[in-house]
Amino acid sequence: LCQAAAETLLAGLGWERDSIDALIFISQTPDYTLPATACALHGRLQLTSSCVAFDVNLGCSGYAYGLWLAGKMLDGMAIQRVLLLVGDTISKTVDPHDRATALLFGDAGSATALEFDPLAAPAYFLLGTDGHGERHLMIPASAHRPYQGDDTRLAGRDPTCLFMDGGEIFNFTLTHVPPLVNDLLALADRPRETIDAFLFHQANTFMLKHIIKKAKIPAEKAPLNMARFGNTSSASIPLLVCDQLPQLTTTTLTVAMFGFGVGYSWAAALMELPPLAVNQLIEVSP
């Protein structure tokens, strides 16, 4: 998915492959445990050997985290262009008989191109973590630490499938995200009225409507698209941009992005997006 998105993006931009200095791949459903999927993508995209490539294991907060990380890397010297690839295929991890997850998640990958510009408007980020949420959204037996069978909530469940404690996730989100909106606006010293779009990780429509109301955001400024795509984890925010903000190809918009969930992990970004050369939604057959 991310490879197809990257090919479409690079063709639309007209970027030469040897001009890309770094590739960041963010996902919790990589192709392999090893090698890093970023290395595999590097080869498939035929990038140069001087291009930095690495994976980041993050889910719902991953896109805003990735923008922050790419922004920190862009120094105008060694790193002038970054290809940020973010996506998940969470549907492969769910138990088809678990109504809490099987009906909720979708799959998507995204590609974002970032280029150093000394005249770019400032971007603002807030990042956070609460590792006490470790066990509320997880795949218990998914890597190299054997599952101990010590969580009664998992009794009778397949520990190799995704588990989500919906009540805990709901409480975490309603507690942390509305203050995150206020804190980001305060950091950037921007009133709500100056933000063109509030882009939330598409976790759950019912929950998002609560957040939007609690954060005092006009509903028309907080687009939703879960009914069409479901929860696409780390890719939900860039998917929202392509699906709900087609005017970004001709108009500059000030947007605020909020990713939150598994970890617990959260990240918020406020930035001015100039007209995008490519803002396209594509579909890829399995």
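In the block above lies the structure referred to throughout.
Quick summary incoming for the structure in this document. These figures come from a predicted structure and were not determined experimentally.

Before going further, it helps to spend a moment on the sheet that holds strand 1 (residues 22–26). In space, the 4 strands of this open sheet follow the order 2-1-3-4, with mixed pairing throughout. Of all the strands in the sheet, the pair left with one neighbour each is strand 2 (52–56) and strand 4 (107–115). Strand-to-strand twist across the sheet, computed as the mean angle between neighbouring axes with direction ignored, equals 15 degrees. By the bridge criterion, 5 bridges tie strand 1 to strand 2 in an arrangement that is parallel.

Scanning the entire structure with this criterion turns up 5 aromatic pairs. For the ring pair Y65 and W68, a centre distance of 6.3 Å and an interplane angle of 90 degrees mean the geometry is edge-to-face. Remark: W68 and Y65 occur in helix 3 (residues 62–73); sequence separation between them is 3 residues, near one turn of the helix. The class of W68 is partly exposed, set by a relative accessible area of 30%. Taken together through their ring pairs, the aromatic side chains of F172, Y264 and W266 make up a single cluster. A cation sits over an aromatic face here: R81 above W15, 4.1 Å from the ring centre.

Let us now look at the sheet that holds strand 9 (residues 253–261). One open sheet holds the 4 strands; their spatial order is 5-10-9-8, and the pairing between them is mixed. Here the strands that pair on one side only, and so sit at the sheet edges, are strand 5 (124–129) and strand 8 (197–200). Neighbour-to-neighbour, the strand axes of the sheet open up by a mean angle of 10 degrees, direction not taken into account. Strand direction decides the pairing type here: strand 8 and strand 9, joined by 4 bridges, are parallel. By the bridge assignment, L199 is partnered in strand 9 with M257. On the sheet, helix 3 packs against strand 5, strand 9 and strand 10 (265–273) and is oriented at approximately 125 degrees with respect to strand 5. The strands touched by helix 5 (residues 166–188) are strand 5, strand 8, strand 9 and strand 10; relative to strand 10, the strand with the most contacts, the crossing angle is about 35 degrees.

Attention now moves to the environment of D21. Within the secondary structure layout, D21 lies in the loop between helix 1 (2–13) and strand 1. Residues D21 and L83, spaced 62 residues apart in sequence, show a C-alpha to C-alpha distance of 8.1 Å. Excluding its chain neighbours within four sequence positions, the residues that come into contact with D21 are S50, C51, V52, A78, I79, Q80 and R81. In terms of polar contacts, D21 uses its side chain to reach the backbone amide nitrogen of Q80, at 2.8 Å.

So, how was this worked out
- Residues numbered from 1 in each chain as written.
- Predicted model: local features only at pLDDT ≥ 70, side-chain atom pairs only at ≥ 80, totals over all residues.
- Heavy atoms only, no water.
- Pairing = 2+ DSSP bridges.
- Helix = DSSP H or I, 4+ residues; strand = E, 2+ residues; numbered from the N terminus.
- Axes fitted to C-alpha atoms, helices over the stretch in contact; angles between N-to-C directions.
- Phe/Tyr/Trp six-rings, centres within 6.5 Å; stacked < 30°, edge-to-face > 60°.
- Buried < 20%, exposed > 50% of the residue type's maximum accessible area, 1.4 Å probe, protein only.
- Lys NZ or Arg CZ within 6 Å of the ring centre and 35° of its normal.
- Contact = heavy atoms within 4.5 Å.
- Polar contact = N/O pair within 3.5 Å; in protein donor to acceptor, adjacent residues only side chain to side chain.

Treat this as a map of the structure, not an account of what it does.
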